[in-house]
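Observations on the model geometry
Chain by chain, the residues run as shown.
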Amino acid sequence: MVLAGGQGTRLGILTEDIAKPAVPFGGKYRIIDFTLSNCTNSSIYTVGVLTQYKPRVLSVHLGIGRDWDMDRKQGGLFILSPYTASSKGEWYKGTAHAIQQNMDFIEKFSPKYVLILSGDHVYSMDYNEMVDFHISKNADVTISCIKVPLSEASRFGTVITDNVFRITDFEEKPVHPRSQLVSMGIYLFNWKVLKHALEEDEKDKNSQHDFGKNVIPKLLSQGSRMYAYEFEGYWRDVGTIHSFWETNLELTHPMPALNLYDPNWRFYTHSEEMPPALFGKGSKVIKSLVSEGSIVYGEVDSSVLFQGVKVGKGAVIKNSVVMTNTTIGENCYIENAIISERAVIKDGSKIGVGEEKENEEFSHLYNHGITVIGESVVIPSKMIIGKNCSIANFLDVEKMGISSLASGKNLKGERKS
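For the structure given in this document, a descriptive report is provided here.

Analysis parameters
- Residues numbered from 1 in each chain as written.
- Predicted model: local features only at pLDDT ≥ 70, side-chain atom pairs only at ≥ 80, totals over all residues.
- Heavy atoms only, no water.
- Buried < 20%, exposed > 50% of the residue type's maximum accessible area, 1.4 Å probe, protein only.
- Helix = DSSP H or I, 4+ residues; strand = E, 2+ residues; numbered from the N terminus.
- Pairing = 2+ DSSP bridges.
- Core = buried A, V, L, I, M, F, W, Y, C linked by side-chain atoms within 4.5 Å.
- Contact = heavy atoms within 4.5 Å.

Digging into the pairing of strand E8 (residues 113-118)
With 5 of its 6 residues buried, E8 lies for the most part within the structure. In this sheet, E8 lies alongside strand E1 (residues 2-3) in parallel orientation, the contact comprising 2 bridges. When the bridges of E8 are listed, Val2 appears paired with Leu117. Across 4 bridges, the pairing between E8 and strand E13 (residues 181-190) is antiparallel. Within E13, the residue paired with Leu115 across the bridge is Leu188.

So this is what it looks like as C-alpha cells:
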C-alpha cells in the first residue's frame, strides 16, 4: 500500500497543482517512480496507491501500471481514492485512516503481510530483505529505519531498540531526540495485527489516525513484537526546496550514491518517447545530467536537464534543475534555480543573481539562495531575477510588464489561460 495523497507544502509552488509524489525528479522520473520501481524489482506486483490531493497528474502518470509491469490479471496496480462512505464522502484523515478505509481492498487478496510505503521519498531498496528480517524475528510489526545526524532526528519518528533490534520506545518528531535511528515511513505488518489495530484506532475519537502518532505507539504500549530493520542504502527525504534541489544535483556527481544505471535494479517511469539529446556547435556540458530530447547550444554546468529542454546560444546554466520541455533563450544566465515544466525564459534574462536576501514571505520554503520558477511561466527578455525568489505557476510575466524581481521577492498574479 503506497501512501501518495500528500500535498507536500514545504515544496512551495512545486506542489501547488500536483501531489508531491507526482513532482518531476532526476531528469525523466517522478518521485513515486522510485517506490514503484522498488516494488517491481522486489517482485511485488499487487500494489494499491492511495491518492487524495490533486491526483490528476499522478493518476495519468500511473495509468494501469504497465510501465512497472503491473498491468496484470492477478494483482496489479490499483489507484485508491477517497470514496463515499454511507451517506457522505470522507477525506482521509491521516495515514492510518487511509489504510483503514481500504481494508476491504486488502482483504480480498487474503495477505499474510502488508507492506505500507511512502510515495514521496527517493530511494533504492529491496523489500525482500525487510520481509526476511521480519519473519526471522517472528515480528508483529517491522519498521524500516535509517541513521541520521542527531541534529536532524527531530524531523522524524525516532526509534530506540535493544541489542536484538526490538523496539523499546518510539517518539514521533521529538523536540529533543534520544536516538539517531529514525523511521523511514516504511512499515511491514502481519495483516491480522494491522487489521485489528486499524479497527481500534477508528473507534478512538481522540486519535489523529496516524501511524507514527497513534497506531505505532499504541501497539508498542500493548506489547506487540515490534522490530527495527536498519537500512544502510540510499534514501532521501526530498520534502523541502533545498533537499529536492540538492538531491537532484547529487545525480551529477561522479559515481552518484543513487545508481540510475544499474541494469539489475532499473528505475521505471512513464514518459514521452523523445529522440536523443543534441549538443550543438559551441555547446559546453560539464558534470551534468541531460535527458533525451534536449537541444543544447549553450553551457550547462553541474545541472539536471529533463527531457525536451532547449538551451540557446550563449546561455549559461549552473547548479540548476530545469524540468521537461522548458525553453531557455539565447544569452540567458541561470544559477541555483529550479525551473518547472514548460517554462519559457526569453533571451538575455538572468535568474539567481545579485545579493542574497531572505525571502520576505516564505523564508521557510525559499532559502539557500535557490530561486523557483513555476510551471509554464513566461519570463520576458532581459528580465533580472534575484535569489530566494519564487514565481507562481502559469504566470505570463511578459504581459505583466515586470522587468525585474529583487532577491527575496515572490511574484503572484492572474494565471495565463
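Brief notes about the nonpolar core
The biggest cluster of nonpolar side chains holds 65 residues, and the ones touching the most others in it are Leu36, Val49, Met125, Phe244 and Ile338. Not counting the four nearest positions on each side in its chain, Met125 is found in contact with Asn38, Ser42, Met130, Ser144, Met184, Ile186, Tyr229, Phe231 and Trp265.

Section: the sheet that holds strand E34 (residues 404-405)
Taken in spatial order, the 7 strands make up an open sheet running E17-E20-E23-E26-E29-E32-E34, and their pairing is parallel. Each of the sheet's edge strands pairs with one partner strand only, and the pair in question is strand E17 (284-286) and E34. Examined bridge by bridge, strand E29 (residues 350-351) and strand E32 (residues 384-385) share 2 bridges and lie parallel to one another. Along E32, the bridge assignment pairs Lys350 with Ile384.

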